[in-house]
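Observations on the model geometry
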Amino acid sequence: MATQHARSAARVMMAPAVILLLGWMLVPLTMTLWFSFTRYLPMRGDSIERGLDWVGFENYVRFIGSSSFWPSVQATLLIVGGVLVITVILGVLLAILLDQPFWGQGIVRILVIAPFFVMPTVSALVWKNMMMDPVNGMLAHLWRFLGMTPVSWLSDASVQSIILIVSWQWLPFATLILLTAIQSLDREQLEAAEMDGAPVMARFWHIVLPHLGRAITIVVLIQTIFLLSIFAEIFVTTGGSFGTRTLTYLIFQRVVDSQNIGLGSAGGVYAIILANIVAIFLMRIVGKNLDR
Amino acid sequence: MGRITLDKVRKAFGDVEVIPPLDLTIEDGEFVVFVGPSGCGKSTLLRLIAGLEDVSDGQIRIDGKDATAVPPAKRGLAMVFQSYALYPHMSVRKNIAFPLRMAGLDKAEQDRRVAAAAEVLNLTDYLDRRPGQLSGGQRQRVAIGRAIVREPAAFLFDEPLSNLDAALRVGMRLEISELHKRLKTTMIYVTHDQVEAMTMADKIVVLRAGHIEQVGSPLDLYRAPRNLFVAGFIGSPKMNLIGGAVAAGHDATTIGIRPEHISVSAEAGDWKGIVGLSEHLGSDTFFHVTCEGIDGPLTVRVGGEVALDYGQTVWLSPDPAQIHRFDQNGLRIA
Ligand SMILES: Nc1ncnc2c1ncn2[C@@H]1O[C@H](COP(=O)(O)OP(=O)(O)O)[C@@H](O)[C@H]1O
Ligand SMILES: [Mg+2]
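All values reported here derive from a predicted model rather than from experimental measurement.

Once that is clear, we can look at the overall build of chain A. Summing up its helical and strand segments, chain A has 13 helices and 2 strands in all. Taken along the three principal axes of its C-alpha coordinates, chain A extends 75 × 75 × 30 Å. Across the 292 residues of chain A, 41% fall into the buried class. Charge centroids of chain A, computed over 17 positive and 15 negative side chains, lie 7 Å from each other.

Backbone-to-backbone hydrogen bonds join strands into a sheet, with any given pair of strands oriented parallel or antiparallel. Residues and elements named next belong to chain B. Pairing is antiparallel across the open sheet formed by 4 strands, whose spatial order is E2-E1-E4-E5. This sheet does not close on itself; its edge strands, each paired only once, are strand E2 (16–26) and strand E5 (65–66). Bridging between strand E1 (residues 4–13) and E2 involves 7 bridges; their strand directions are antiparallel. From the neighbouring strand, Lys 11 faces E2, where its bridge partner is Ile 19. Strand contacts of helix H1 (residues 42–50): E1, E2 and strand E4 (57–62), with the helix running at about 120 degrees to E1, the strand carrying the most contacts.

Residues and elements named next belong to chain B. Inspection of the secondary structure assignment puts Arg 141 in helix H4 (residues 136–148). Look at Arg 141 and you get buried, because its relative accessible area is 13%. Of note is the side chain of Arg 141, whose polar atom sits 2.9 Å from the backbone oxygen of Leu 121. Other than its neighbours up to four places away in sequence, Arg 141 contacts Leu 121, Asn 122, Leu 123, Met 172 and Glu 175.

A few words on the side chain of Thr186(B). All names here are of chain B. Following the sequence through the fold, Thr 186 ends up in strand E8 (residues 186–191). A polar contact is formed between the side chain of Thr 186 and the backbone oxygen of Gly 2, at a distance of 2.6 Å. Polar side-chain contacts of Thr 186 include one of 3.4 Å to the side chain of Asp 28. Not counting residues within four places of it along the chain, the set of residues in contact with Thr 186 comprises Gly 2, Ile 26, Glu 27, Asp 28, Gly 29, Glu 30, Ala 153, Ala 154 and Phe 155.

A few words now on the environment of Lys203(B). All names here are of chain B. Within the secondary structure layout, Lys 203 lies in strand E9 (residues 203–208). The class of Lys 203 is buried, set by a relative accessible area of 14%. Distance from Lys 203 to Thr 44, taken between C-alpha atoms, is 19 Å for residues 159 residues apart in sequence. Leaving out residues up to four positions away in the same chain, Lys 203 has contacts with Thr 25, Ile 26, Glu 30, Phe 31, Val 32, Val 33, Val 215, Gly 216 and Ser 217. A polar contact is formed between the side chain of Lys 203 and the side chain of Glu 30, at a distance of 3.3 Å.

On to the interface of chain B and chain A. The interface is formed by 23 residues belonging to chain B together with 17 residues belonging to chain A. Both sides of the chain B and chain A interface together cover about 1,700 Å² of buried area, and 61% of this is carbon and sulfur. Contact with chain A buries surface across chain B, with Tyr87(B), His89(B) and Met102(B) losing the most and accounting together for 28% of the total. Between Glu191(A) and Arg47(B) there is a salt bridge, with the nearest N and O atoms lying 2.7 Å from each other. Linking chain B with chain A are 8 residue pairs in polar contact (both at pLDDT 80 or more). Sorting the residues of the side of chain B that touches chain A by element identifies H1, strand E6 (77–80) and helix H2 (92–102) of chain B as the ones contributing at least two each. The dominant element in the side of chain B that touches chain A, judged by the number of residues it contributes, is H2(B), at 4 residues. Classifying every residue of the side of chain B that touches chain A gives 15 nonpolar, 3 polar and 5 charged.

Before going further, it helps to spend a moment on the sheet that holds strand E13 (residues 262–265) of chain B. Residues and elements named next belong to chain B. Read from one edge of the open sheet, 5 strands run E13-E17-E14-E15-E16, paired in antiparallel fashion. With one partner strand each, in any of the chains shown, E13 and strand E16 (298–303) form the two edges of the open sheet. Neighbouring strand axes in the sheet, compared pairwise and without regard to direction, differ in orientation by 45 degrees on average. In terms of strand pairing, strand E14 (residues 271–280) meets strand E17 (residues 313–318) through 4 bridges, oriented antiparallel. In the strand pairing of E17, Gly 273 is matched with Val 314.

All names here are of chain B. Around ligand 1, the structure places Phe 13, Val 18, Ser 38, Gly 39, Cys 40, Gly 41, Lys 42, Ser 43 and Thr 44. With respect to ligand 1, the backbone of Cys 40 contributes an N or O atom lying 3.2 Å from an oxygen atom. Between an oxygen atom of ligand 1 and a side-chain N or O atom of Ser 43, the distance comes to 2.6 Å. Summarising the interface, the protein chains cover 54% of the accessible area of ligand 1, which totals 560 Å² for the free molecule. Counting residues per element, the shell around ligand 1 draws most heavily on H1, at 3 residues. Of the residues contributing to the shell around ligand 1, the split by class is 3 nonpolar, 5 polar and 1 charged.

Attention now moves to a nonpolar patch on the surface. All names here are of chain A. A grouping of Met 14, Val 18, Leu 22, Met 25, Leu 26, Leu 29, Leu 33 and Ile 272 is seen on the molecular surface, where their side chains present a nonpolar patch of about 690 Å² in accessible area. It is helix H1 (residues 4–36) that provides the largest number of residues to the nonpolar patch, a total of 7 residues. By the element assignment, Met 14 lies in helix H1.

A few words on the packing of H2(B) against H4(B). All names here are of chain B. Axis separation between H2 and H4 bottoms out at 7 Å; the angle between their running directions is 30 degrees. As summarised for this structure, H2 and H4 are arranged roughly parallel, according to the angle between their axes. For the crossing formed where H2 meets H4, the hand is right-handed. In this structure, H2 contributes Val 92, Asn 95, Ile 96 and Pro 99 to the contact, and H4 contributes Val 142, Gly 145 and Arg 146.

Criteria and cut-off values
- Residues numbered from 1 in each chain as written.
- Chains lettered and ligands numbered in written order.
- Predicted model: local features only at pLDDT ≥ 70, side-chain atom pairs only at ≥ 80, totals over all residues.
- Heavy atoms only, no water.
- Helix = DSSP H or I, 4+ residues; strand = E, 2+ residues; numbered from the N terminus.
- Buried < 20%, exposed > 50% of the residue type's maximum accessible area, 1.4 Å probe, protein only.
- Lys, Arg positive; Asp, Glu negative; His and termini not counted.
- Charge placed at Lys NZ, Arg CZ, Asp CG, Glu CD.
- Pairing = 2+ DSSP bridges.
- Contact = heavy atoms within 4.5 Å.
- Axes fitted to C-alpha atoms, helices over the stretch in contact; angles between N-to-C directions.
- Polar contact = N/O pair within 3.5 Å; in protein donor to acceptor, adjacent residues only side chain to side chain.
- Buried area = accessible area lost by both parts, 1.4 Å probe.
- Salt bridge = Lys/Arg side-chain N within 4 Å of Asp/Glu carboxyl O.
- Nonpolar A, V, L, I, M, F, W, Y, C, P; charged D, E, K, R; others polar.
- Near = heavy atom within 4 Å.
- Areas by Shrake-Rupley, 256 points an atom, 1.4 Å probe, with all protein chains shown as cover.
- Patch = residues over 30% accessible without salt bridge, like charges linked within 9 Å, V, L, I, M, F, W, Y side chains within 5 Å.
- Parallel < 35°, antiparallel > 145°, perpendicular 65-115°, else oblique.
- Left-handed = near helix turned anticlockwise from the far one by under 90°.

Structural data, given as structure tokens:
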């Protein structure tokens, strides 16, 4: 009975969810836009009740004019790009490995997925204190064992360290998606390629990789959305110093450290724009990959 | 050249012996069909020849040379898979050219061979499409195209027509036979459909549970099935198998008589029976007749225009020259 009646009933039933989701998005977005055009310094006594002074594009000009802006965009793209490259490459390799039958497969698969369940703050702390500590860290011990001077990872190789930590967290996700994709590959295609004279590497390049194209795009897309907003890993480890101040982190500093809500909001709007540029760029590639 | 010899080839998966030691020779240029019920090991045997499975024992020789340990790509054989196994992200052109590209042929030669194959297979208009945009029959032809460009010593087909509808199947059957006549290359064709085997083969190999039951030309198998299994498997509709007193009257445990070798009369004959169901095909009619003293109905073939009523009494007379006799082990009595 898909009548007018049923359809309007369905609409009524869906309405609460739709309204909730819209409000969830629209309210903060509108407030951010509003604050970004005002002078809003709570320490100086500005507040919504008292009314905020409209300053036009002043915050936007100041945010972009600050010497920290471009480096922060750069740091963001560097970290996101680095994590994407590492997780996709290692994810493909791990997926191929886990697809082979071997003893203890079940347990190994669970172990590989485990990091995904660790909270970002916790994993960052573990990496900082257990692995990367220049005196007591595992890596420091290893370096000394190999007769080298331990590295102060978080200050001397800060961006690389953040990329490493975040990659460790996201590798399971990439591996999982790519593993399911690999399992759906028709074995006969590989056999056909084998008979056609394609050696192992050629089979990987011409058959397996194109088959994974879709899954890789999905991994890249979903990860990018989350990676653009990583925060805890930076907060816990470097606190934004040594070139690890991403756009997200810069906004946080403007709002919380400098107590300048207007300026931070303008930064937030820039972040939205950056995310959309990246998204459009990605959607193009994805569109190409998903259309067939 | 494509003479393939299997010498005591055996295959076991773990403890399960799927192919007991088996000898077979396939002559150059022959069209050989492996036929048998599902699960009898036809695909396994074909994959052993292709090199996609390792033999457990025995030797495979191609043109006299031991190929048992040679990897699939080096055996010079091309295979057409049941699922076609086309590469979905490549155009038809790229699919067909793939083996040439892997062999390192130059671009011009690749294009020339692809164009020639496309011409033969009526694919010229579809070269830039992807497999997903083709019909089942066209995909089948692409798979064949990919096999022929390599100019292999032999073609291996694993139930290539089972995913096509009945009308297309008949068409593709003819096309593959035509291709064989033109290329004169050895073809090994696996099917569970005895009609495909009968219509296409120079030589049929009937398999049951990994054993070769009989090897011979379609007419050899039709005229002189070596045992009850082959007798029941080859021919459509199935041969009537009769035991008991009637068989004893012919000094046999079982006798077999094909539906087309029984004549029907309304007045007189050897066996009196009652007409049951009838199947009218237009060209022929099959009657199922239940006879006195014979277990189970007999199938009889008569001309398409003959009409008998359900429940009518008729007399059946087998052609004495066409009666097949089998002993208590199911083997043919000469
Ligand atoms: N990789 C394998 N591992 C274990 N058993 C197999 C394998 N491949 C085939 N078999 C078994 O071998 C027998 C023959 O299979 P197959 O050659 O595919 O039969 P057909 O093609 O005649 O239908 C079947 O019983 C099947 O279960
Ligand atoms: Mg099979």
